[in-house]
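Coordinates in review
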Amino acid sequence: FGYSKLASGVPVALVHKYEVRAFLPGSPEESWIEQTVSGWEFFAMATWYKPLKISELSFGIGPAIYGATLDRSIDIVRDASRTHLTGGSFYNATGKAMGVIVGLGWELPIGEHSALLLQAGGRLAEIGTLKYDDPANADNEITVYKNASTGSPLAVDFSGGFLKLTLRKYYQPAYDW
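Residues numbered from 1 in each chain as written. Predicted model: local features only at pLDDT ≥ 70, side-chain atom pairs only at ≥ 80, totals over all residues. Heavy atoms only, no water.

**Considerations on the side chain of S55**
Here S55 shows up in the loop between β4 (46-51) and β5 (56-77). When its relative accessible area of 10% is taken as the criterion, S55 is described as buried. Side-chain polar atoms of S55 contact the side chain of W106, separated by 2.9 Å. Look past the residues within four positions of S55 in its chain and what remains in contact with it is W106, E107, L108 and P109. (Helix = DSSP H or I, 4+ residues; strand = E, 2+ residues; numbered from the N terminus. Buried < 20%, exposed > 50% of the residue type's maximum accessible area, 1.4 Å probe, protein only. Polar contact = N/O pair within 3.5 Å; in protein donor to acceptor, adjacent residues only side chain to side chain. Contact = heavy atoms within 4.5 Å.)

And the structure:
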């Protein structure tokens with residue numbers, strides 16, 4: 001079993017911000033749109049091990065539950081009269097989906113009860129629909145769309161490869177099982 005924080009392609013940060021800024025001709029003000037995407041995975045991976053002389057290889061595959069959160073802030077300067085449009089901003093749009101995770105690893109013991117695991121793998125993790133609560137109507141969930149003309153929902157896709165370095169600590173049971 002495992003849990004990972006996903007960052008939409010950003011190796012260091014736990015949140016990925018997409019930002020677009022533009023100036024309207026004839027206006028000193030700036031328009032901007034910012035989206036923040038973050039996510040997580042919880043997985044159960046069946047793992048097979050192949051012992052080598054001083055290390056072991058492993059292969060694992062299993063189901064996973066993926067979640068994503070999307071926030072969007074908008075401030076568009078409409079014209080030279082400096083009319084600001086902020087409609088379309090929302091916070092805490094969430095979605096969940098089932099997926100698959102696969103990993104191939106090499107584990108090297110570094111002590112009596114410790115090991116270092118280098119693992120490469122991939123995941124299929126597309127969250128097809130995100131929804132948020134409309135503050136004007138508590139009973140109304142709003143779906144996030146790519147744009148108004150297509151009517152197709154905006155998906156968050158964490159699918160792809162990964163490389164992971166893990167320090168493992170093994171414990172002896174206190175009693176004989």
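Continuing now.
**Description of the pattern of salt bridges**
For side chains of opposite charge, pairing can occur when their charged atoms come near one another. In total, this model carries two salt bridges according to the counting rule given. With a shortest N-O distance of 2.8 Å, E41 and R123 are connected by a salt bridge. You can see E41 sitting in strand β3 (residues 30-43) and its partner R123 sitting in strand β8 (residues 114-124), a full 82 residues away along the chain. Given a relative accessible area of 13%, R123 falls into the buried group. Between E107 and R168 there is a salt bridge; the shortest N-O distance is 2.8 Å. Of this pair, E107 sits in strand β7 (residues 90-109) while R168 sits in strand β13 (residues 160-169), placing them 61 residues apart in sequence. (Salt bridge = Lys/Arg side-chain N within 4 Å of Asp/Glu carboxyl O.)

**With respect to the environment of Y132**
Structurally, the position occupied by Y132 is in strand β10 (residues 131-134). Between the alpha carbons of Y132 and V144 there is a distance of 7.8 Å; along the sequence they are 12 residues apart. Apart from the residues within four sequence positions on either side, Y132 is in contact with F90, Y91, N92, A93, N140, E141, I142 and V144.

**Brief notes about the environment of Y49**
As for its position among the elements, Y49 is in strand β4. The residues touching Y49, leaving out its near neighbours within four places in the chain, are E56, L57, S58, E107 and R168.

**Some thoughts on the nonpolar core**
Counting residues in each nonpolar core, the largest one holds 21 residues, and the members touching the most others are Y66, L70, A93, I127, L130, V144 and F158. Taken together, the elements giving at least two residues each to this core come down to β3, β5 and β7. (Core = buried A, V, L, I, M, F, W, Y, C linked by side-chain atoms within 4.5 Å.)

**Here's the deal with the layout of surface pockets**
Rolled over the atoms, a probe as big as a water molecule pinpoints where empty space is left. One number sums up the size of the second largest pocket: a volume of about 320 Å³. As for the second largest pocket, its lining consists of 18 residues, of which F43, L117, Q119, K164 and R168 are closest to the centre. At the level of elements, β1 (2-6), β4, β5, β8 and β13 are the ones that each hand at least two residues to the lining of the second largest pocket. When residues in the lining of the second largest pocket are grouped by element, the largest group, four residues, is from β13. Considered class by class, the residues forming the lining of the second largest pocket number eight nonpolar, eight polar and two charged. (1 Å grid on protein atoms, 1.4 Å probe; cavity = no way out; pocket = protein on both sides within 12 Å on 5 of 7 lines; lining within 4 Å. Points joined across faces, edges and corners; volume = space filled by probe spheres on them. Nonpolar A, V, L, I, M, F, W, Y, C, P; charged D, E, K, R; others polar.)

**Regarding the packing of aromatic side chains**
Summed over all chains, the structure comprises three aromatic pairs. For the pair W48 and F59, a centre-to-centre distance of 6.2 Å together with 25 degrees between the ring planes defines the contact as stacked. Here the residue W48 occupies a position in strand β4, and F59 occupies one in strand β5, the gap between them amounting to 11 residues. Residues F90 and Y132 carry aromatic rings whose centres are separated by 4.4 Å and whose planes lie at 10 degrees to one another, so their mutual orientation is stacked. Of this pair, F90 sits in strand β7 while Y132 sits in strand β10, placing them 42 residues apart in sequence. Assigned by exposure class, F90 and Y132 land together as buried. (Phe/Tyr/Trp six-rings, centres within 6.5 Å; stacked < 30°, edge-to-face > 60°.)

**Concerning a nonpolar patch on the surface**
A cluster of nonpolar residues, L52, L57, W106, I110, L116, L118, L163, L165 and L167, forms a patch on the protein surface that exposes about 880 Å² of accessible area. Where the nonpolar patch is concerned, the elements lending two or more residues are β8 and β13. A per-element tally of the nonpolar patch places β13 first, with three residues. Looking at the element boundaries, I110 is found in the loop between β7 and β8. Among the residues examined, I110 registers a relative accessible area of 48% and is labelled partly exposed. (Patch = residues over 30% accessible without salt bridge, like charges linked within 9 Å, V, L, I, M, F, W, Y side chains within 5 Å. Areas by Shrake-Rupley, 256 points an atom, 1.4 Å probe, with all protein chains shown as cover.)

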